[in-house]
Amino acid sequence: MALKSFIEVDHDSHFPIQNLPYGVFKPQPSSSPRPGVAIGDFVLDLSEIASAALFDGPLLKNSNVFHQPNLNKFISLGRPAWKEARATIQKLLSATEPTLRDNAALRQKSLLPVSSVELLLPVVVGDYTDFFSSLHHTKNCGLIFRGPQTPVLENWYHLPIAYHGRASSVVISGTDIIRPRGQAHPSGGSPPYFGPSLKLDFELEMATVVGPGNELGKPVDINNAEDHIFGLVLLNDWSARDIQAWEYIPLGPFLGKNFGTTISPWIVTLEALEPFACEAPKQDPPPLPYLTEKESKNYDISLEVHIKPAEHEDSSVVTRSSLKHLYWTLTQQLAHHTINGCNLRPGDLLGTGTISGPEPEARGCLLELTWNGQNSLSLNGLDRKFLEDGDEVTLTGYCKGNGYTVGFGSCSGKIVPPAP
Ligand SMILES: O=C(O)/C=C/C(=O)CC(=O)CC(=O)O
Ligand SMILES: [Ca+2]
Ligand SMILES: [Mg+2]
């Protein structure tokens, strides 16, 4: 029989006992932030579970990792500690285990309706890197920005391309995004445009949350790279296409990207995603040995983007894609990032890059969906080429198991105008 919790969980909830994603929250505005795990519509306060001495395994007994204001210390411990924590939490929440189920006082203290708490960034992000790992996205961007001669440049097939993003502007789902001001292309002999971006876009991405890092000068072997991945979140790499197109030659994305990057609050672990692992697309040409893995793995995570304009009650779905389409795998991204000796640290975020699928309906950003504004999308009758003030963009992601769903919840942000 399938594992069940004593807590009622809707069959389409993203957070059944098979998931158990980690986040950080404040029970009251004045409380200190603490780690928690989502279960149905509740959050389990791990600081209370630790205070009750219920983490009694060899690695976590007497540990203070759940008395921290972020998950960095816990995730730096590595997979054996993650497995121990998951086993403890899964047992405590299961229908057949009386310890928490039958202890009203502890339940009262440790299980809070998620609607009553404030969710915060789950980790302190020291560094954020954004890859470019979807072949479909790369091809479409190439056709739009560089024309039909060589939409995919030769290097792309040999290494996972990336740029260094900015960690300071990574924000939690629900944070408003202020439309950036900047310069855009001059047109018809005029000087460059300066003002609020006229081509504001979302990018449907996921991100690896790095667990244990690596020492400076010591690359991570591709076949051990998975041990450095704690889990995944949804990520929206908001992009101002007009600023980007004018500024990013020759050094790459800068102010067109670093005004805000939104992540979802719950980190879904690789353990919870393992039942949804699938083979990654075949790579041709074969990668160099340092990027060749024994097992080339993606996860079959269905992804959607919804936009709710200010004028509407309801949102419209604008794209449906899946992480399974990614060409360069998460482990290849991580190994490549360290091959020169670059050190990763616990809490670093590695964005996958925009995740587009092969079909036009599976394109992961408006740049592709409207072909740089040449076409419009209809949001229940409202036309959109790029994002307007008041638009709320929500990413969701989930995996369908046998009778349950393992999901990421949502990652949203609303566009607001810059101060005058
Ligand atoms: O192809 C280009 O010129 C630009 C591509 C992007 O803006 C994409 C980017 O940030 C990386 C990604 O999300 O895949
Ligand atoms: Ca991106
Ligand atoms: Mg960004």
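These figures come from a predicted structure and were not determined experimentally.

So, on to the site of ligand 1. Close contacts around ligand 1 come from 17 residues, with Arg146, Gln244, Tyr248, Lys257 and Thr354 the closest. Interatomic distance of 3.0 Å between a side-chain N/O atom of Arg146 and an oxygen atom of ligand 1. In this structure, an oxygen atom belonging to ligand 1 sits 3.0 Å away from a side-chain N or O atom of Glu205. Elements with a contribution of two residues or more to the shell around ligand 1: β6 (128-131), α6 (135-146) and α7 (241-247). Here the shell around ligand 1 gets 4 residues from one element, more than from any other, and that element is α6. A breakdown of the residues in the shell around ligand 1 according to their chemical character gives 6 nonpolar, 4 polar and 7 charged.

Let us look at the coordination of the calcium ion (ligand 2). Protein coordination of the calcium ion (ligand 2) is provided by Asp130 (OD), Glu203 (OE), Glu205 (OE) and Asp237 (OD), with donor distances spanning 2.2 to 2.3 Å. Angles of 76 to 165 degrees at the metal separate the 6 donor atoms of the calcium ion (ligand 2), which places the site in the irregular class. For Asp130, a relative accessible area of 2% translates into the label buried. For Glu203, a relative accessible area of 3% gives the class buried.

Let us look at the pairing of strand β25 (residues 392-400). Here strand β20 (residues 302-308) pairs with β25 via 7 bridges, running antiparallel. What sits directly across from Glu304, in β25, is Thr396. With 8 bridges joining them, β25 and strand β26 (residues 405-416) adopt antiparallel strand pairing. Looking at β26, one finds that Glu392 is bridged to Lys414. Between β25 and β26, which follow one another and run antiparallel, lie 4 residues, and Gly403 among them has a positive phi close to 85 degrees.

As a further point, take the coordination of the magnesium ion (ligand 3). Of the protein atoms, only Asp237 (OD), Lys257 (O) and Thr261 (OG1) coordinate the magnesium ion (ligand 3), at distances of 2.3 to 2.4 Å. Linear spacing of the donor residues for the magnesium ion (ligand 3) on their chain is D-x19-K-x3-T. Of this pair, Asp237 sits in the loop between β14 (229-236) and β15 (239-240) while Lys257 is found in the loop between α7 and β16 (261-263), placing the two residues 20 residues apart along the sequence. Lys257 shares its class with Asp237; the two are buried.

Applying the stated criterion across every chain, the model contains 14 aromatic pairs. Between Trp156 and Tyr157 the ring centres are 5.5 Å apart and the planes differ by 85 degrees, which places this aromatic pair in the edge-to-face class. In this structure Tyr157 comes out as partly exposed when scored by relative accessible area, which is 24%. Among the aromatic residues, ring-to-ring pairing joins Tyr22, Phe55, Phe66, Phe74, Trp82 and Phe230 into one connected group.

Moving on, we come to the sheet that holds strand β5 (residues 118-120). The strands that make up a sheet pair up through hydrogen bonds in the backbone, lying either parallel or antiparallel. On the basis of which strands lie adjacent, the open sheet formed by 5 strands has the order β4-β3-β2-β1-β5 and antiparallel pairing. Edge strands, defined here as strands with exactly one partner in the open sheet, are β4 (111-113) and β5. Direction aside, the axes of adjacent strands within the sheet are offset by 45 degrees on average. Where strand β3 (residues 42-45) meets β4, 3 bridges bridge the pair, whose relative direction is antiparallel. Looking at the pairing, Leu44 lines up with Leu111 of β4. Sheet strands touched by helix α3 (residues 79-93): β1 (22-26), β2 (34-39), β3 and β4. Its angle to β1, the strand with the most contacts, is close to 70 degrees.

This part takes up the UniProt feature "binding site: Ca(2+)" (unreviewed entry) in the protein chain. What UniProt calls "binding site: Ca(2+)" (unreviewed entry) maps, in this numbering, to Asp130, Glu203, Glu205 and Asp237. A compact arrangement is adopted by the annotated residues: their sequence extent is 108 residues, whereas the largest C-alpha distance between any two is 11.1 Å. Mapped onto the secondary structure, Asp130 falls in strand β6. Side-chain polar atoms of Asp130 contact the side chain of Tyr163, separated by 2.9 Å. Within the element layout of this structure, Glu203 appears in the loop between β12 (200-201) and β13 (204-210). With residues up to four places along the chain from it excluded, the contact list for Glu203 reads Asp130, His137, Leu235, Asn236, Asp237, Ser239, Arg241, Lys257, Thr354, Gly364, Cys365 and Leu395.

Rules used in this analysis
Residues numbered from 1 in each chain as written. Chains lettered and ligands numbered in written order. Predicted model: local features only at pLDDT ≥ 70, side-chain atom pairs only at ≥ 80, totals over all residues. Heavy atoms only, no water. Near = heavy atom within 4 Å. Polar contact = N/O pair within 3.5 Å; in protein donor to acceptor, adjacent residues only side chain to side chain. Helix = DSSP H or I, 4+ residues; strand = E, 2+ residues; numbered from the N terminus. Nonpolar A, V, L, I, M, F, W, Y, C, P; charged D, E, K, R; others polar. Donors = N, O, S within 2.8 Å, 3.2 Å for Na, K, Ca; no water. Tetrahedral: all angles 85-135°; square planar, octahedral: opposite > 155°, others 65-115°. Buried < 20%, exposed > 50% of the residue type's maximum accessible area, 1.4 Å probe, protein only. Pairing = 2+ DSSP bridges. Phe/Tyr/Trp six-rings, centres within 6.5 Å; stacked < 30°, edge-to-face > 60°. Axes fitted to C-alpha atoms, helices over the stretch in contact; angles between N-to-C directions. Contact = heavy atoms within 4.5 Å. UniProt positions renumbered as here; feature names shortened; annotations may be inferred.

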